[in-house]
Amino acid sequence: MAFVISAQSEYLLKNGPIYPVVITPSFPTIKALKLEKKDVPHIKVKALFDTGAQTTAISGKVTQFLKLIPKGTVKVYTSQSSQIVSEFDIALEFDINAYLNTLRVFKADLEDHSIDCIVGRDVLQFGIFTYDGPNKSFQLSF
């Protein structure tokens, strides 16, 4: 079954392809929480689809809200610098009933941005991403 995410934005050039996603702990963590009869936290945030990002990243706000436990560290390179950051396992869900149940992401400094998630090529590799500048729209088909 094919899943398609599509959106149109008057501000596509300025803001980029932004789309809402739901982030939860990874499915193994969800199973453990359910066995303990605990609530499963989730948070809906704005995500930027970024073909320049190799790996998906989330903000500190997301890691704190979900009470995520670091799974390790990784060295991340940006156009400005490099740094060692914490890695976390999450589940990423789109509003089209498509999701990745365990995805290794890293914490990024996104506090000065209007987003809390950058969806990188580790997710985009599973679909076809189309950026339609003249129509101010984008589409991701899985």
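Data block above holds the structure.
Summarised in this report is the structure supplied together with it.

Describing the overall build of the chain
From N to C terminus, the chain includes four helices and 10 strands. Traced from its N-terminal end to its C-terminal end, the chain shows the element sequence β-α-β-α-β-β-α-β-β-β-β-α-β-β. Here the chain has a C-alpha radius of gyration of 15 Å; the compact-globule value for 142 residues is 14 Å, and the two agree. When its C-alpha atoms are laid out on the principal axes, the chain stretches across 50 × 40 × 25 Å. Looking at the chain as shown, the accessible area adds up to about 8,800 Å², and 51% of this sits on carbon and sulfur atoms. Between the centroid of the 15 positive side chains of the chain and the centroid of its 14 negative side chains there is a distance of 5 Å.

Considerations on unusual backbone geometry
Of note in this structure, Lys 67 is not a glycine but carries a positive phi near 55°. Within the secondary structure, Lys 67 sits in the loop between α3 (60-66) and β5 (72-77).

Quick word on the sheet that holds strand β1 (residues 4-8)
Read across the open sheet, the three strands follow the order β1-β10-β9; overall the sheet is antiparallel. Strands at the two margins of the open sheet, each flanked by one partner only, are β1 and β9 (128-132). Averaged over neighbouring strand pairs, the angle between their axes works out to 5° when direction is ignored. As paired elements, β1 and strand β10 (residues 137-141) share five bridges and run antiparallel to each other. Opposite Gln 8, over in β10, you have Ser 137 as the bridge partner.

Conventions and cut-offs
- Residues numbered from 1 in each chain as written.
- Predicted model: local features only at pLDDT ≥ 70, side-chain atom pairs only at ≥ 80, totals over all residues.
- Heavy atoms only, no water.
- Helix = DSSP H or I, 4+ residues; strand = E, 2+ residues; numbered from the N terminus.
- Rg over C-alpha atoms; globule rule 2.2 N^0.38 Å.
- Areas by Shrake-Rupley, 256 points an atom, 1.4 Å probe, with all protein chains shown as cover.
- Lys, Arg positive; Asp, Glu negative; His and termini not counted.
- Charge placed at Lys NZ, Arg CZ, Asp CG, Glu CD.
- Pairing = 2+ DSSP bridges.
- Axes fitted to C-alpha atoms, helices over the stretch in contact; angles between N-to-C directions.

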